[in-house]
Every structure is written in C-alpha cells, then in structure tokens.
Amino acid sequence: MKLEDAKKRFIEIYGGRSEDIRSFYAPGRVNLIGEHTDYNGGYVFPCALSFGTYAISRKREDNKIRFASTNFDQRIMVDARDIKYEKKDDWANYPKGVINGFQKRGFKISGFDVLYDGNIPNRAGLSSSASIELVTSVMLRGLFDCKISMIDMIKLSQEAENKFVGLNCGIMDQFAVGMGRKDCAMLLDCNTLKYKYVPVKLDGYKLIIANTNKKRGLADSKYNERRRECEKAVEYLNQKLDIKTLGEIDTAAFEKYKYLIKDDTILKRASHVVYEIKRTLDAVDCLNSGDICAFGKLMNESHISLRDLYDVTGVELDTLAEEAWKVEGTAGSRMTGAGFGGCTVSIVKEEAVDRFIKCVGENYKHKVGLDADFYIGEIGGGAKEISE
Ligand code: GLA
C-alpha cells in the first residue's frame, strides 16, 4: 500500500484528525554471508532492503493501545499499564514486547493507535519480525520523546523477541534493520557489536532474492537445537581452551583442538561456524577489491556448508541454489537467514536476470512442486521516522 493510502486507511479505522498522524518505517534485511554465526559471536554481513514495514500512528489521551495491520484482519487492544504476552494476540506480541522493553527501561508509554502496513513477505526469512520490532521502537521513541539510541533499541528489540515472544534469535536481524544504509552492507562483529559499512558495488550484477514459499514448520525448534549444539562444541573445546563462543577461535586453533569434540554431529556444526566466519571476512575483502566472482564462490561454499555440515537447508533451498548455480551469469547463490525454508540470495549478471528467473523458477516448480517468487534486491536505509 502507498503511504498516502495507508494514512487514509488509518482514518477509516480510527477516525479523527489526519494532522496528528506520524509515520515510521523499518526495512527487511537480507544476509549476504555469515549464517548462523551471530549467536556464536562471529561475523555477519547483512544489508537492509528497500522494502519493509510502515507504522502509521497517533498518540491518544488515555492508556488504550490499539493495533491494526493491513496484512492481517485481527485488531488488538491492550492497556499500556498491563502489557503481557497473550498467544491469541499473535503478531501483536512483537510490538507489545517492544513496548514492554521501553517500559522496563523506565520510559513512560501511554495510549496510541497504530496501523502497520508491510510488504515483506511473511515467513520468508527476510526479517519481517525484526522490521515490526524496529518500526515500533522508532515509533515509541518519536511519540513519547524517549532519549534512547538506535543501538539500545536494537538490543531491546532482540530482547523482546528472545524473552517476550520466546524466539532465541541472535542480534543480526535487528541490527541490519536498525542500522541499514543505502547501497551498503554491514560487517558486524556480533561479539563486540563493532561494525563497518561496506559499499556493495555490484557493477553489472543484481541481487536476486528467491522465496521457496515453503511453510516453515519446525524452524524454531531446529534453530534452538543448533544453538545448543554450538554450546556443546564450546564445552568440548573448553577441556583445553577458555572460550565463551566459537567466534573466539580461528580456523588454525580449531584444527588444532577439534579432536576434543568427540561427537560427529557437534564437530560438523562447529566446523561450519568457524569456517563461515572466515568466509565472511574473506568475502568482504573480495567485495572491497571488486571481485564479484570470488565473492559469489564464497556464497556457494557457504550454502554447501549450511547444507552438509549445519543441516539447515532442505530440498527447497537446495533446489533453488543448485538450479541457480547452473545458470550462466550467476556469480553465486546461497540460502539466507535461518534456513529450513525462506529465501536464497543470488548475485546474477544483469543481462542474465530474466533467464535466471525463468530457468530457476521452472526447474524449481518441476522438481519441488512449488512456485518460487523472485525479487530484485535493492539495498535501502534503516529504521526512521518519515517526515513529510
Ligand atoms: C535468523 C536469526 C538471526 C540469525 C539467522 C541465521 O534470521 O534471527 O539472528 O541467527 O537466523 O544466520
């Protein structure tokens, strides 16, 4: 929906004056490389997308908070003095978690009406939830004049997802959505939260995002299982080392001490993480030196590692990536996000894009029986108020 239409819809739902309405925005994200490394204290390399979630909102004089969305029919009303998780409130638990986070930090939040309008495909692994969290954060900061930095809102949003909604995600999604910058990816050290922007100059190439459209069933429990497996790897290694996360050791130290990991599955998980962190740093060097083909090769290796060692791909993501690799003009292709469904990200020569979409789409349909969706990924800016 266009912003103007969303504002009209807001008035249709809530009535009142349009002058007092304020609008906020937060993007979705795609991770270029560095997967399942964030909660291991490693590096990630995501960028914000040029589409995301809008929040159109207006303060009220009382303590009522009313949520509506153009994407879901359900309307939710809560009292600002009594914010708690309720299963029946479904998606509204994300903004409620953020409100709770602001309140826990001592900010006074009273009533408001909000209409969310998003164009991130749901459950595609492009961070629609982090986008709702960050758009809610910048909205609360704006409406209630809270003195809070973006990095604190990022941490608070992750905490809302971990503790309020109960999903044990790392910091990558909230960081990318909050700190995104046009035409740049962010190299983030998830251990220290130090980061740098790296211009994504893809001369003659495009980023293509392909959605498997697979319904993700077990994703959350498998995600948590992987986290536990990595913690187990740290325990094994700590018979000789003293580390908190796998991100603290490089590949040489890992090769020296990996004999300590007696369980084959755990060894595979840890190998993925340690080498994926190295690939991420190498990939950034490739991008800086303009070597898109070498960058693409690392993306392919990342996918293979996520498939064979980390076991988070599945036939849908594998088919999309493998079909992409076959198309002439593809520099690289890999799954992005948590896996188990969701999207792949590919770097494809401009002149090959149409052929790419046709070939990958047809072969995917033929092999998997689902229709994939394709989007050209433009890299946009981070969460903000829209002043017009
Ligand atoms: C999800 C999580 C992130 C990250 C990725 C995997 O998107 O929300 O924190 O762990 O999976 O890289």
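Every value quoted in this text rests on a predicted model; they were computed, and no experiment measured them. (Residues numbered from 1 in each chain as written. Predicted model: local features only at pLDDT ≥ 70, side-chain atom pairs only at ≥ 80, totals over all residues. Heavy atoms only, no water.)

Novice: Looking at this structure, I do not really get the overall build of the protein chain. What am I missing?
Specialist: Of the regular secondary structure elements, the protein chain holds 11 helices and 13 strands. In terms of principal-axis extent, the alpha carbons of the protein chain reach across some 65 × 50 × 40 Å. Looking at the protein chain residue by residue over its 388 residues, the buried ones come to 57%. For the protein chain, long-range pairs separated by at least 24 residues make up 71% of all intrachain contacts whose partners lie at least 6 apart in sequence. About 16,800 Å² of surface is accessible on the protein chain, with carbon and sulfur atoms providing 47% of the total. (Helix = DSSP H or I, 4+ residues; strand = E, 2+ residues; numbered from the N terminus. Buried < 20%, exposed > 50% of the residue type's maximum accessible area, 1.4 Å probe, protein only. Contact = heavy atoms within 4.5 Å. Areas by Shrake-Rupley, 256 points an atom, 1.4 Å probe, with all protein chains shown as cover.)

Novice: Help me understand the domain arrangement of the protein chain in this model?
Specialist: Interfaces are often sized by the accessible area lost when the parts come together. Examined at the domain level, the protein chain breaks down into domain 1 (3-198 + 380-386) and domain 2 (200-377). Just the C-alpha atoms count here: the centres of domain 1 and domain 2 sit 26 Å apart. Counting residues at the interface gives 33 residues for domain 1, matched by 43 residues for domain 2. In this structure, the connection of domain 1 to domain 2 is made through one salt bridge. Residue Glu35 pairs with Arg334 through a salt bridge whose shortest N-O separation is 2.7 Å. For the pair domain 1 and domain 2, the interface holds 18 residue pairs in polar contact (both at pLDDT 80 or more). Listed by contribution, the elements that provide at least two residues to the side of domain 1 that touches domain 2 are strand E1 (22-31), strand E2 (43-44) and strand E7 (184-189). Partitioning the side of domain 1 that touches domain 2 into residue classes produces 17 nonpolar, 11 polar and five charged. (Domains from an automatic or database assignment. Salt bridge = Lys/Arg side-chain N within 4 Å of Asp/Glu carboxyl O. Polar contact = N/O pair within 3.5 Å; in protein donor to acceptor, adjacent residues only side chain to side chain. Nonpolar A, V, L, I, M, F, W, Y, C, P; charged D, E, K, R; others polar.)

Novice: Before we go on, may I ask you to explain the sheet that holds strand E9 (residues 205-211) in this structure?
Specialist: Sheet strands associate in pairs through backbone hydrogen bonding, adopting either a parallel or an antiparallel arrangement. Pairing is antiparallel in the open sheet, where four strands are placed in the order E10-E11-E9-E12. Here the strands that pair on one side only, and so sit at the sheet edges, are strand E10 (330-336) and strand E12 (373-377). Neighbour-to-neighbour, the strand axes of the sheet open up by a mean angle of 25°, direction not taken into account. As defined by bridge partners, E10 adjoins strand E11 (residues 343-349) across six bridges and the pair is classed as antiparallel. Looking at the pairing, Met335 lines up with Thr344 of E11. The strands touched by helix H9 (residues 292-308) are E9, E10 and E11; relative to E10, the strand with the most contacts, the crossing angle is about 35°. (Pairing = 2+ DSSP bridges. Axes fitted to C-alpha atoms, helices over the stretch in contact; angles between N-to-C directions.)

Novice: How do you make sense of the pairing of strand E6 (residues 112-118) when you look at a structure like this?
Specialist: Remark: a regular strand shows side chains that alternate across the two faces of the sheet. A large share of E6 lies buried, amounting to six of its seven residues. The pairing of strand E3 (residues 46-59) with E6 spans seven bridges and is classified as antiparallel. Paired with Ala55 across the two strands is Tyr116, which belongs to E6. Bridge analysis of strand E4 (residues 64-69) against E6 gives five bridges, and the strand direction is parallel. What sits directly across from Ile65, in E6, is Phe112.

Novice: Would you mind going over the side chain of Thr280 with me for this structure?
Specialist: Within the element layout of this structure, Thr280 appears in helix H8 (residues 264-288). A polar atom in the side chain of Thr280 sits 3.5 Å from the backbone nitrogen of Gly34.

Novice: Is there a simple way to explain the site of the ligand in this structure?
Specialist: Taken together, Arg29, Glu35, His36, Asp38, Tyr39, Cys169, Gly170, Met172, Asp173, Tyr223, Gly337 and Ala338 form the complete shell of residues around the ligand. Between the ligand and Glu35 there is a distance of 2.6 Å, counted from an oxygen atom to a side-chain nitrogen or oxygen. Relative to its free-state accessible area of 300 Å², the ligand is covered by the protein chains to the extent of 94%. Considered class by class, the residues forming the shell around the ligand number five nonpolar, three polar and four charged. Split by domain, the residues of the shell around the ligand number at least three in each of domain 1 (3-198 + 380-386) and domain 2 (200-377). (Near = heavy atom within 4 Å.)

Novice: Just to check I follow, could you spell out the pattern of salt bridges for this structure?
Specialist: For side chains bearing opposite charge, pairing can occur when the charged atoms are close. Applying the stated rule across the entire model yields 35 salt bridges. Close ionic contact of Glu225 with Lys222 constitutes a salt bridge, the shortest N to O distance being 3.9 Å. In this pair, Glu225 and Lys222 both sit in helix H6 (residues 219-237), three residues apart, roughly one turn of the helix. Glu225 sits in the partly exposed class, given a relative accessible area of 27%. What makes Lys222 partly exposed here is its relative accessible area of 28%. A salt bridge links Arg226 to Glu225; the nearest nitrogen and oxygen atoms lie 2.9 Å apart. A relative accessible area of 1% places Arg226 in the buried class. Counted as one network, the salt bridges with shared partners bring together Lys222, Glu225, Arg226, Glu229 and Arg269.

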